[in-house]
Amino acid sequence: MAIDLFTLEARYLDVCERQNQLPNASILSGFYKAKLQKSRRELCNFQVLLNKLKDIDIPPLIEVLSAVDLSEIDIVDILHESPYQLTGELVLSLMRAINQKLRVVDLQDSSFGKGSLRDLLHGGLTCEVLNLRSSHIRKLNMIGNFMHLHTLNLDFSISLTSFNEECFTCMPKLMRLSMCETRIVNLWTTSAALSKLPSLVELRFQNCLCCNDTASCPTSTIDEANYLSGDVSGSDHLDSLSQELRYSRREGMLSNSYFVHSLVNHALQESATEDSSDDSEVDFSSHQQRTGLEELLSDVLPELGEWAELENEVSSGAMILDEEESALGGAFNLRHMKNTPDTIPKKYISHHPSPICFEKHYREYMVATLPRLKVLDNLLIGKKDREMAKIIYSQYYEYLPYNRQRKESLICVLHKREMGAVAGHLQKSPQLKEPYPRRMNKCSISRSICAAKVGSFAWPLLHSVPDLCSISGEEAKSFRPRQFEYHPAMSSLMVFGTLDGELVVMNHENGKLVGYLPSLGTLNSVLGLSWLRRYPSKLIAGSDNGSLQLYDINQMASVITDRHRCSDAVTFDDFEQLTSVHVNSTDEHFIASGYSKNVALYDIGSGRRLQVFTNMHEGHINVVKFAHHSPSIFASSSFDQDIKMWDLRQGPHKPCYTASSSRGNVMVCFSPDDQYLLSSAVDNEVKQLLAVDGRLHMKFDIMPTGSAHNYTRSYYMNGRDYIISGSCDENIVRVCCAQTGRRLRDISLEGKGPGNSMFVQSLRGDPYSDFHMSVLAAYMRPCSKSQIIKVNLMASSDNAEDYHYNNQRSRKSCSMGG
């Protein structure tokens, strides 16, 4: 027989008497309300108000409610009406004691302890509704059992940036998820995490003005019966509504809104306090109370008040340019719908959008990758929405590398390789159908293996280049790298120059020091590095003070030392305010550029400066690059918005051609076969040009932030198959197909500790390993050191522990003189 409420209340009073403390008035009130509900034959709901309790009130309540499963109480809700101060471990024990009858847990704006919140996320709860609004979570890792949870609210968790790979694996019933005004931005990892929720039907990263929950907006006049029965594809009004909303935002408003969020992110980073913890899941910064992005805007940027109001009036996040509208309009007769008065809906007002909402084609991407989703950002998803999303996804995104349409296991790929080889030698027989008519070549097999491995990991393996350890047994030394280059002939070697003027050659695979040169006493950053090809032990290094030298790594010290031992270094005439150097394909000459309109040509053999080409651009020349195969051809990029191609045989008086960008050009480089030029202008304007005449071949669809200081750099990866691009105001590296422009993946860089956001200072594709790259990442905080991060798209972040274990063994052997 169930324990009645009078008996339960008596037990509570008895426990309080035994512990010599007064009963809590709010708990007694909870019993009274529950008894009143029982007398009316209503659902018996016992409510615990945390803000009415003190720590001493919780142990008696735990003792009583541990028997709630056997009582007349139907459900228990844990709520609060104002901020409270309770020990997190006690509150968590209370929730666990209630067990199966726990329904709603409201912990918003709570001062939950760091360890308690981690235990909650890792251990799970039996509740049905969990409210974690304004929580201090950086990387969500809900790996505990939440078997009954159907609604999760993470709104205003302004520290939340990403999801752990195992997140959401034990939530089979979660149907509604809200993450408005978080800092989630990565489409790929977000959709991969959410795809593990088999019951998810309502999702939002921004909310309609009139909507308090994740359900569809009541002003859309959709037949609710269709939605409840699962039939949302037959509503023509729904489709016209969604199409109209999709086209309601213009590019200018989107860019400005994204810029506002970029400024807010900077404000958050600057306002965060230092924390020595390396925990990557929970962020307990100085923001103990809920602080919205709009409030931060008003504090940090009061002059943008009107802009912030405009930012709130954005649509669902998907924006299509006029030329795209023309291309896709025929399929769905969009222009006709836009001109039909009775199909124009009430304007959708978006509030509290997360940065992911400003990613181009965000809505289409989420609809295409989450096929079970029915409501996104309070807007129903109809049949035509899904058709449009499928078209947009196939046009702008690449599901697998090399445009492969389905995933294959490595075993299957290797089996095809073996069968293909056998089929090539089989005698043709009319009775035997050839299993693989065309024999696969080495390149196709390699690409198939790459596609299979890259497509298997949504979270690629990221790890820092190991700290260097000297052979003499000294402790590992950390550096502040400013520029780096892979060796063109030896796959394990990398050179980098530091902000302190040091030159370091290392084995980037095991962290072993190969060559070291200390600074010459003046702290000048090394900005230019270029290896020689015919003489693989030599390289050119240039510093921002204008010094240029040729070094032989065989003559460098193999330990970290204060002595400058490279006596045979060749010194060239200075080039003032130097920014880049590059050696030609025959190792005869190199060129240098800097904060001027001039380029200098040097002869490596004689050590002389041959000529200074003046006034080659209208603005300063940031980067010059020789072609990979022609020793006389080079390209220059300038902040005057021009890219120019030059031929030394024709002299520097007139370029072969000029190609222009809409913003200042940060850099330019040749594809490995010299067929293309890749230009990168300020704020994500990345274009691929035909090297022969400068005609535009591909403009990559990367959304600008609106910042004039968002310097973008791009390089080739996998030969000329893919390009990688990153910018100094963002923590994202984008991987795009060089031939189709489709986005393959975004990689997010995350620092450890609160406020330690990173940005991309430079990056290079690994010339020896497919889908490998290295990124020079710097922290927003000036006191934090930059680091070189290696990215392996063909391995999962699950392998990070194995990597770090092997890395520690490598360091130990190095310190022992091995």
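Quick caveat: nothing in here was measured; it's all calculated off a predicted structure.

1. Here we look at the pairing of strand E32 (residues 676-681)
- Taking burial as the measure, the 6 residues of E32 include 6 buried ones, the bulk of the element.
- For strand E31 (residues 665-670) and E32, the ladder comprises 5 bridges, and the chain directions are antiparallel. Opposite asparagine 665, over in E32, you have alanine 681 as the bridge partner.
- Between the end of E31 and the start of E32, which pair antiparallel, lie 5 residues, with aspartate 674 showing a positive phi angle near 65°.
- Taken together, the 6 bridges between E32 and strand E33 (residues 685-690) define a ladder with antiparallel strand orientation. Note on E33: the bridge partner recorded for serine 680 is valine 686.
- The loop that links E32 with its antiparallel partner E33 comprises 3 residues; one of these, aspartate 683, has a positive phi angle of about 65°.

2. As for the packing of aromatic side chains
- Applying the stated criterion across every chain, the model contains 21 aromatic pairs.
- Seen in terms of ring centroids, tryptophan 188 and tyrosine 365 are 5.4 Å apart; in terms of plane orientation they differ by 55°. Their pairing is tilted. Here tryptophan 188 is found in helix H6 (residues 187-194), whereas its partner tyrosine 365 is found in helix H14 (residues 362-369), with 177 residues between them in sequence. The residues tryptophan 188 and tyrosine 365 share a single accessibility class, namely buried.

3. Considerations on the state of the cysteines
- Per the stated rule, a full pass over the model turns up 0 disulfides.
- Cysteine 357 provides the cysteine sulfur closest to cysteine 180, a residue in no disulfide bond, and the two sulfurs are 7.6 Å apart.

4. Structural notes on the sheet that holds strand E26 (residues 608-613)
- Read from one edge to the other, the open sheet built from 4 strands follows the order E23-E24-E25-E26, with strand pairing classed as antiparallel. Taken across any chain shown, the strands that pair with only one partner, and hence form the sheet edges, are strand E23 (578-583) and E26. For this sheet the average axis-to-axis angle between neighbouring strands, irrespective of direction, equals 20°.
- For strand E25 (residues 599-603) and E26, the ladder comprises 5 bridges, and the chain directions are antiparallel. Residue pairing across strands places leucine 601 opposite glutamine 611, the latter belonging to E26.

5. Looking at the UniProt feature "domain: U2A'/phosphoprotein 32 family A C-terminal" (unreviewed entry) in the protein
- Per the UniProt annotation, the sites labelled "domain: U2A'/phosphoprotein 32 family A C-terminal" (unreviewed entry) are residues 359-377.
- Summarising residues 359-377: 42% helix, 11% strand, and an end-to-end C-alpha distance of 14 Å.

6. Looking at the nonpolar core
- Counting residues in hydrophobic clusters, the biggest one holds 85 residues, and the most contacted among them are Met95, Leu130, Phe168 and Leu194.
- Tallying contributions element by element places helix H4 (residues 88-98) first for this core, with 6 residues.
- In terms of nonpolar packing, the next biggest core, distinct from the first, is built from 38 residues, Phe700, Cys736, Met758 and Tyr779 among them.

7. Description of the packing of helix H3 (residues 58-65) against H4
- One can describe the packing of H3 onto H4 by two numbers: an axis separation of 9 Å at closest approach and a directional angle of 10°. By the criterion of interaxial angle, the relationship of H3 to H4 is roughly parallel. Crossing hand, H3 versus H4: left-handed. Taken together, the residues of H4 that come into contact with H3 (itself represented by Ile58, Leu61, Ile62 and Leu65) are Leu90, Val91, Ser93, Leu94, Ala97 and Ile98.
- Grouping the amino acids of the contact of H3 with H4 by side-chain chemistry returns 9 nonpolar, 1 polar and no charged.

8. Describing the packing of helix H1 (residues 5-18) against H3
- One can describe the packing of H1 onto H3 by two numbers: an axis separation of 9 Å at closest approach and a directional angle of 140°. Once H1 is placed against H3, the crossing between them reads as right-handed. In contact with Leu8, Arg11, Tyr12, Val15, Cys16 and Arg18 of H1, H3 contributes Pro60, Leu61, Glu63 and Val64.
- A class-by-class count of the residues in the contact of H1 with H3 yields 7 nonpolar, no polar and 3 charged.

9. Regarding helix H2 (residues 25-39)
- The end-to-end C-alpha distance of H2, which contains 15 residues, comes to 21 Å, matching closely the 21 Å that a straight helix rising 1.5 Å per residue would cover.
- Listed as buried for H2 are Ser26, Ile27, Gly30, Phe31, Ala34, Lys35 and Gln37.
- Structurally, H2 contributes buried residues whose contacts are with H1, strand E1 (45-49) and H3.
- Following H2 by one or two positions, arginine 41 adopts a phi angle in the positive range, close to 60°.

10. A closer look at the pattern of salt bridges
- In total, this model carries 18 salt bridges according to the counting rule given.
- Across the pair glutamate 63 and arginine 18 runs a salt bridge, and its minimum N-O distance is 3.0 Å. Remark: arginine 18 occurs in helix H1 and glutamate 63 occurs in helix H3; sequence separation between them is 45 residues.

Parameters and conventions
Residues numbered from 1 in each chain as written. Predicted model: local features only at pLDDT ≥ 70, side-chain atom pairs only at ≥ 80, totals over all residues. Heavy atoms only, no water. Buried < 20%, exposed > 50% of the residue type's maximum accessible area, 1.4 Å probe, protein only. Helix = DSSP H or I, 4+ residues; strand = E, 2+ residues; numbered from the N terminus. Pairing = 2+ DSSP bridges. Phe/Tyr/Trp six-rings, centres within 6.5 Å; stacked < 30°, edge-to-face > 60°. Disulfide = S-S within 2.5 Å. Axes fitted to C-alpha atoms, helices over the stretch in contact; angles between N-to-C directions. UniProt positions renumbered as here; feature names shortened; annotations may be inferred. Core = buried A, V, L, I, M, F, W, Y, C linked by side-chain atoms within 4.5 Å. Parallel < 35°, antiparallel > 145°, perpendicular 65-115°, else oblique. Left-handed = near helix turned anticlockwise from the far one by under 90°. Contact = heavy atoms within 4.5 Å. Nonpolar A, V, L, I, M, F, W, Y, C, P; charged D, E, K, R; others polar. Expected span 1.5 Å × (residues − 1). Salt bridge = Lys/Arg side-chain N within 4 Å of Asp/Glu carboxyl O.

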